[in-house]
Amino acid sequence: MTELRYLAPNTLDEAVGAFAAAGSAARILAGGTDLLVQMRSGALKPGVIVDIKKIPEMTAIEQGADGGFRVGAAASGMALAEHRSFGKVWPGVLEAINLIGSKQVQGRASAGGNLCNGSPAGDSVPALVAAGAIVTVQGPNGRREIKVEDVPTAPGRTSLKPGEIMVSFTLPPRAAGSSDAYLRMIPRTEMDIAVVGVGVNLTLKDGVVTAARVGLGAVAPTVLLVQDAARALIGSKLDDAALAKAAAACSAACRPIDDKRGTIAYRTKVAGVLLRRTAAIAAQRAAQNK
Amino acid sequence: MNVVTNNKWIGQRTIRPDGVDKVTGRAAFAADTNMPGMIWGKVLRSPHPHARIKSIDTSKAEKLPGVKAVVTARDIVDFPIDKSVMLGIQDMRWMCRNVMAREKALFPGHPVAAVAATSEAIAAAACELIDVQYEVLPFVIEIDDAIKPDAPILHEFNKYDGKPSNIAGKLEVKKGDVAEGFKQAEVVIERTFTTRPVHQGYIEPHACLVSVAADGKTTIWSSSQGQFMVRAMTAYLTGLPQSDIRAIPAEIGGGFGGKTIVYLEPLATILSRKSGRPVKMVMTREEVMRATGPTSGSKCTVKIGARKDGTIVAAQGTFYLQAGALPGSPIRGAVGCSFSPYDIPHVLSVGFDVMSNRSKVAAYRAPGAPIGAFAVECVLDELAEALKMDPLDLRLKNAAKQGTKAAHGPVFPRIGYIETVEAAKNSDHYKTPLGKVSGKLRGRGVASGFWFNAGGESSAQVNITEDGNVVVTTGHPDIGGSRAAIANICAELLGIDYRRVSVLIGDTATIGFSNLTGGSRVLFASAIVVTQSTEKIITTLRERAAKIWEIDPEAVKWENGAAHPASPNAGEFPPLTLADLAAKAPAMGGPIGAGVQLNTEGAEGGFGTHVCDVEVDVDLGIVRVTRYTAVQDVGRAIHPSYVEGQIQGGVAQGIGWALNEEYIYNKQGKVDNPGFLDYRMPVCSDLPMLDCIMVEVPNPKHPQGVKGVGEVPLVPVMAAIANAVYDALGKRFYALPMSPPKVVERLEAPTQQAAE
C-alpha cells in the first residue's frame, strides 16, 4: 500500500519547498472539501499532502487604506461572511463564495481551493472574474501575479506552474456607485452544482453604466470573462435593448456540453436569463453604494 | 374483539423510544458493529452492461498478502432455471444470480467476485488482480428497445409467445367488458406516459458484519427490512440451515422497500466461513446507486371513457415496467392499484415485466402504484377538464365505497376514500385562491391514490419484569415508528404510563418468525399479536389477584394498571398493581409473560387525496412546490406524529420523483449519476411545509382500527404535481421528471398536439 505523508508547514517558503520537492505526487490541502472527496472516491492518491492552513498569510483577510482587499487563498467562506466589511464592499463575491457547499462545508471551503480545483462550475470564480480580482502565487522562483480569468486553462487544470502555491486574492478599491452580484442556476435550492453561473460587477454614474465586468461559469471548459456583454452594458442605462444585447453576448459566449446537468440549448438560454437578473441586482446595489 | 375505547395513550404524540439514540449518535446502524479479528470484504463488479463470463482467475488475488478469502459464483448455491423456489415475492433463481453473476454479467455493477482481506485497501487491490475474461454482448436499457423484435436478449431461456424475449411476465386484471364500456362513453381520453428509474435513496448504504464459527454457527449483523428474510435468503444461498444462522437487525437508516432483499450477507457469510474471520462489508454510495434496486422506469398507456355527466364507464391501462436484469418488476402494484379508488364497471388493466441491462429493481414504497397512478390521475385531470368538472367532483362522482368491487378482486368493506376527497375539497388549501406573483406562473393540481396494504406473519412476546414494568419484543425492523406505536397500544391495554413499556426488535433466535417490514404491514400485524399477548397477560394478572383474594377470576377486573374487585359483591380489597403482582409472581406461579404468533388477516387498503400548488419560473424552467396538502384515510392514528411523518416522507419522495430524480445512462449503458450530487433528491429548502389531514375511518377488522399508512402517501404525488404544472403553464407533461431543461424545452417547443 502506498504511503501518504502529511505536512503542515508554518511558512510559505517551507510550503513551497516541500510542495516543489514532492513533484506531481503532492497536493495542497486548504479546506479539503474537494481533495478529501477525490481521495475517498479513489480518483486521487497523492503521496504528499501539504496543509497550508497554518500559514497566517493564507487565511488573512485585510482591507487596505484605499479600501481594496487582500484575501488569503485559504480563508474560509464563513470567515469572509463574518468579516465586518467584506460583504458590504463585495456582496457578489461573498454570495458566490458562500454558495460553495453546505453550511458545514463553508467552515472549511475557500475561494483559493475553488479556483485551483479548476472546475468550470466553481461558484466563486465568475464573481471573482467579474470583480477583476488578481491572484498572487508563490513558487520556487518567487512571487507573481495572475488575473483570475487566466488561472483556469481546462477542466481540472490551471496555469499554476509546478511547485507554485496560490497565496491570496487582491480585490481593487471600490468606486462610488459600484457593486456586484452573482446568481447561479441549480435545479434545487441548495447543495448543488451550478448549471450556469453569472457574476456581474457594475459602476454607475447618474444611472449610466461607466464600467462593467461579466464572468460566466459552467458553460465552457473554463470560466469566461465576457467582454462583449460588458461592452453592451457600458454606456447604457441598463435598458431592455442593452440587457438584451448583453444577454445575447453571454449566450453567444457559451461553448457548453450536453451532460447530466443540462443541455446545450438550456445552458445557452439560461446564461442570458441570468445575465439580466444578475445585472439588475448589481445595479440596485450600486445605486445604494454612494 | 376487544376494541380499545378509553384512549389514554393511543393517539398521543408520545416521545419516540428510538429518538434519543438517533439524536445523540448512540444508535447502532449496520456499519457500527465491529469485532476483534474482523477483516473487510469488497466486491468486484462487472464494468459491462451485458457480457458472458468466459473465465475468472482469482489466483493472483489470493496470493496478495493480507487476502484471506475469495468468493465467486461457484461458492453460491445455484438454483437451476427450470425450478422456481420462492421466498416471499423473490425467486431464489434470480436472487442467486443477482448476488453474484453466474453465466453472464447483466448490468454494470453486477458482482462477479468478492474478496476478504485484512484491510479495505488490500481487498480493493485484490479485486483489481482478479482476471475476468468477458465476451462483451450487445445491451439494452430502455423499455422500447428491450421489446423490439431484434432486441439483445438477456436470458435465452425466457420465452414470451414462444420466442426468446425480454418480457418476463404479464399480469392482467379484468372487470366487465371494456370494449362494451367504451361504446357507452361520450368522452374518451387516452394518453401515454413515461417515468424514469428512481432510487429509494435511503441514507444508510447496505452493510453487514458476519461471523461464522468453526462449527458453522453464524451471526449476521445487518441493516434490513427483515432479519428473517436475511436469515432465509442467506441460508438458501449458502446452504446453511436456518437454525445455524442468527440474524441480528441493526437500527436501520432508511429502506423504503430497498432493503427487502440481500446483496452482501451471503457473500460475507461465505467469506467468513472460508477465512475463519468475521467479515465486514459496507457499500459505497456509488455501489448502492449502481447495483441495488431502484424502482422501475415505465411506459404506461391509459384510456378512460366517461359520459357527459361525469360517470366513468370504462378504463383501460397498459403498464410496461422495467424489471432490471432479472424478472420481477412491480406490475402488480401498477395493475392492481391504479384504478382502485374508482367504481368503474368495465376495467382492463395489463402489466408487462420487461427485463433490461440495469440493476434488478427492488421494492420502493407502494411498488408500482405511483407509476400507474401518475398515468391514471393525469388522464382523469384531462377528463375533468374536457367535462368542465372540478377534478375533485369527478373523483367524488366515481369514488369507490363500501361494496365496490375492485378490478383486482376484493369487494371493499367500509373505506374512507370519499372522506379523503371531501376533506381535500373542504381544506383551507383548496378553498384559498392561488393568487399571482410577478414573473412566475402558479397552478394547482389534485390526485388520488391507493395501496393494498398487507398483513402476514407476526410474532410478539410481552414480558412483565420483576419490578412490574413491561418489555415487548417483536420481529419486524422499525422503519416507521412501530416501536412508539406498540408502546402506546401496550400502555393503553395495561393502563400504565407508556414510559414503563420498552419495545425491542428481537433477532431471529429470540423471537418467532415475523415477515419483513414492507407493504405497510408492520403496525397492523404486530398490534394484533401484541394486543393478544397483552390480553393473555391481563388474564394471568386477574387470575393471580383472584388467587390472592381467594375469589373467582371473573370477579376481578383490570383497570388503570391494577386488579380491582369487579364489583362490591366480589368483596373489598385494595387494588393490586402491576408492580404488586410482579413482586408476588415467584410465589404465585412464576414469571408473567405471553407470546402470540399469527398469520394476521384483515388488512385493508389505504386511500389518499392530495392537493398541490406549484410556482414555475418559466425562463429557467424551475418548478417549485409552494403548498402541499395530503389527505389520507389512516384508519386510526396510533401515534399521529409518526403517521404525519410517513405522509410527509412519502410526499417528499414523490416531489423528487416528479421534478428531478432519474437514473441517467451514458452511451456505454452505465449510470452517469451514481451519487447524491447529480441524482437530485429534494433537500429541505426545496419543500414547503407538507400539510397532512388525517381522516380516521377505523379498520373494522383490527383491534385498534389500524390501516397501513406508509406507502399510500407516495402514490398520488407525481400526478398532483403534473396536474398543477399544467394548470400553471397550460401544457401537459407526459414524461417525468419535469426537470428544468425539460420544462424549458417544452415551453419553447412550437404548439402541437400533445401525446396521442
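The model shown is predicted, which means the values in this text are computed figures rather than measured ones. (Residues numbered from 1 in each chain as written. Chains lettered and ligands numbered in written order. Predicted model: local features only at pLDDT ≥ 70, side-chain atom pairs only at ≥ 80, totals over all residues. Heavy atoms only, no water.)

The next subject is the overall build of chain A. Counting secondary structure elements, chain A contains 12 helices and 14 strands. Its C-alpha atoms give chain A a radius of gyration of 19 Å, within 12% of the compact-globule value 19 Å for 290 residues. With respect to the principal axes defined by its C-alpha atoms, chain A has extents near 60 × 45 × 35 Å. The burial tally for chain A puts 53% of its 290 residues in the buried class. Of all intrachain contacts in chain A linking residues separated by at least 6 positions in sequence, the fraction that spans at least 24 positions is 59%. In chain A, the 33 positive side-chain charges and the 24 negative ones have mean positions that sit 3 Å from each other. (Helix = DSSP H or I, 4+ residues; strand = E, 2+ residues; numbered from the N terminus. Rg over C-alpha atoms; globule rule 2.2 N^0.38 Å. Buried < 20%, exposed > 50% of the residue type's maximum accessible area, 1.4 Å probe, protein only. Contact = heavy atoms within 4.5 Å. Lys, Arg positive; Asp, Glu negative; His and termini not counted. Charge placed at Lys NZ, Arg CZ, Asp CG, Glu CD.)

What follows covers the nonpolar core. Side chains that are nonpolar tend, in soluble globular proteins, to be buried together. Ranked by internal contacts, the top residues of the largest apolar core, which has 101 residues, are B:Ile304, B:Phe339, B:Leu383, B:Val614, B:Tyr628, B:Ile721 and B:Met738. Sort the elements by how many residues they give to this core and helix α11 (residues 369-387) of chain B lands first, with 12 residues. The contact partners of B:Met738, leaving out residues within four places of it in the chain, are B:Val623, B:Ala658, B:Leu659, B:Ile721, B:Ala722, B:Val725, B:Phe733 and B:Val743. Counting residues in each nonpolar core, the second largest holds 49 residues, with A:Leu12, A:Val16, A:Phe86 and A:Val223 among its members. (Core = buried A, V, L, I, M, F, W, Y, C linked by side-chain atoms within 4.5 Å.)

Let us look at the interface of chain A and chain B. Tallying the contact residues gives 20 residues for chain A and 26 residues for chain B. For the interface between chain A and chain B, the tally reads six salt bridges. The partner of A:Arg277 in a salt bridge is B:Asp617, with the nearest N and O atoms 2.8 Å apart. There are 13 residue pairs in polar contact (both at pLDDT 80 or more) connecting chain A and chain B. Counting residues per element, the side of chain A that touches chain B draws most heavily on helix α12 (residues 264-288) of chain A, at six residues. Along the lines of polarity and charge, the residues of the side of chain A that touches chain B split into 10 nonpolar, three polar and seven charged. (Salt bridge = Lys/Arg side-chain N within 4 Å of Asp/Glu carboxyl O. Polar contact = N/O pair within 3.5 Å; in protein donor to acceptor, adjacent residues only side chain to side chain. Nonpolar A, V, L, I, M, F, W, Y, C, P; charged D, E, K, R; others polar.)

This part covers the domain arrangement of chain A. Assigned domains of chain A: these are domain 1 (1-51) and domain 2 (178-288). Computed over C-alpha atoms only, the centres of domain 1 of chain A and domain 2 of chain A are separated by 35 Å. (Domains from an automatic or database assignment.)

Before going further, it helps to examine the domain arrangement of chain B. A common measure of how large an interface is: the accessible area buried when the components associate. Residues and elements named next belong to chain B. According to the domain assignment, chain B contains domain 1 (19-27 + 454-600), domain 2 (33-137 + 203-254 + 259-291) and domain 3 (298-453 + 604-748). The distance between the C-alpha centroids of domain 1 and domain 2 comes to 39 Å. Facing 20 residues of domain 1, the contacting portion of domain 2 comprises 15 residues. Each partner contributes to the roughly 1,300 Å² buried at the junction of domain 1 and domain 2, and carbon and sulfur atoms together form 63% of this total. Where domain 1 meets domain 2, there are three salt bridges. With a shortest N-O distance of 2.8 Å, Arg246 and Asp507 are connected by a salt bridge. Summed over the shared surface of domain 1 and domain 2, the number is eight residue pairs in polar contact (both at pLDDT 80 or more). Of the residues that constitute the side of domain 1 that touches domain 2, the class distribution is eight nonpolar, eight polar and four charged. (Buried area = accessible area lost by both parts, 1.4 Å probe.)

Residue and element names in this part refer to chain B. Here we have three strands laid out as an open sheet, ordered β24-β25-β26, and antiparallel in their pairing. A single partner strand is all that each edge strand has here, and the edge strands are β24 (556-559) and β26 (576-577). Both strand β25 (residues 562-565) and β26 contribute to a ladder of two bridges, which runs antiparallel. If you follow Ala563 over to β26, its bridge partner there is Leu576. (Pairing = 2+ DSSP bridges.)

All names here are of chain B. Read across the sheet, three strands follow the order β6-β2-β8 without closing on themselves; strand pairing throughout is antiparallel. Bordering the open sheet on either side are β6 (104-105) and β8 (131-136), each of which pairs with just one other strand. Pairing between strand β2 (residues 51-57) and β6: two bridges, direction antiparallel. For Ala51, the partnering residue across the bridge sits in β6 and is Ala105.

With respect to the helices and strands, A:Arg277 occurs in helix α12. Linking A:Arg277 and A:Val198, residues 79 residues apart in sequence, is a C-alpha distance of 9.3 Å. With residues up to four places along the chain from it excluded, the contact list for A:Arg277 reads A:Leu183, B:Asp617, B:Asp619 and B:Leu620. Within the structure, A:Arg277 has its side chain in polar contact with the side chain of B:Asp617 (distance 2.8 Å).

The two faces of a sheet get side chains in turn, since along a regular strand they alternate between them. All names here are of chain B. Where burial is concerned, the two faces of β24 differ: the one with Val556 and Trp558 is buried and the one with Lys557 and Glu559 is not. Strand direction decides the pairing type here: β24 and β25, joined by four bridges, are antiparallel. The residue of β25 that forms the bridge with Glu559 is Ala562. Linking β24 back to β25 in an antiparallel pair, the connection comprises two residues, with Asn560 at a positive phi of about 50°.

All names here are of chain B. Packing of helix α18 (residues 640-659) against helix α19 (residues 717-729) leaves a shortest axis separation of 8 Å and a crossing angle of 55°. With respect to each other, α18 and α19 are oriented oblique. The crossing of α18 and α19 is right-handed. Contacts between α18 and α19 involve Gly650, Val651, Gly654, Ile655, Trp657, Ala658 and Leu659 from the first element and Val717, Met718 and Ile721 from the second. Broken down by class, the residue content of the contact of α18 with α19 amounts to eight nonpolar, two polar and no charged. (Axes fitted to C-alpha atoms, helices over the stretch in contact; angles between N-to-C directions. Parallel < 35°, antiparallel > 145°, perpendicular 65-115°, else oblique. Left-handed = near helix turned anticlockwise from the far one by under 90°.)

This next bit is on the side chain of B:Asp686. Topologically, B:Asp686 is positioned in the loop between α18 and β30 (690-695). The buried charged residue B:Asp686 lacks any salt bridge partner; its closest oppositely charged side chain belongs to B:Arg624, at an N-O distance of 4.4 Å. When residues no more than four places from it in sequence are discounted, the contact partners of B:Asp686 are A:Arg188, A:Thr189, B:Arg624, B:Val625 and B:Met681.

Residues and elements named next belong to chain B. Burial of strand β7 (residues 111-117) is extensive: seven of the seven residues sit out of reach of the surface. Of the strand pairs in this sheet, strand β1 (residues 39-45) and β7 are connected by six bridges, and their pairing is antiparallel. Across the sheet, Leu44 pairs through a bridge with Ala113, a residue of β7. Where strand β3 (residues 67-72) and β7 come together, five bridges link them in antiparallel fashion. The partner of Ala69 across the bridge, within β7, is Ala116.

This part covers helix α9 (residues 124-131) of chain A. All names here are of chain A. With eight of eight residues buried, α9 is to be regarded as a mostly interior element. For α9, every residue scored as buried is listed here: Ser124, Val125, Pro126, Ala127, Leu128, Val129, Ala130 and Ala131. One or two residues past the end of α9 sits Gly132, with phi positive at roughly 75°.

Evaluation of the coordinates by the stated rule reveals 60 salt bridges over all chains. Of the charged contacts, one joins A:Arg144 and A:Glu164 as a salt bridge, the two residues approaching to 2.7 Å between their closest N and O atoms. Of the two residues, A:Arg144 sits in strand β7 (residues 142-147) while A:Glu164 sits in the loop between β9 (157-158) and β10 (165-171), which places them 20 residues apart along the sequence. Among the residues examined, A:Arg144 registers a relative accessible area of 26% and is labelled partly exposed. Across the pair B:Glu377 and B:Arg395 runs a salt bridge whose closest N-O atoms are separated by 2.8 Å. With B:Glu377 in helix α11 and B:Arg395 in helix α12 (residues 391-397), this residue pair connects regions lying 18 residues apart in the sequence. Since its relative accessible area comes to 0%, B:Arg395 is described here as buried. Each of A:Arg188, A:Asp192, A:Lys260, A:Arg261, B:Asp678 and B:Arg680 takes part in salt bridges that share partners, so that together they form one network.

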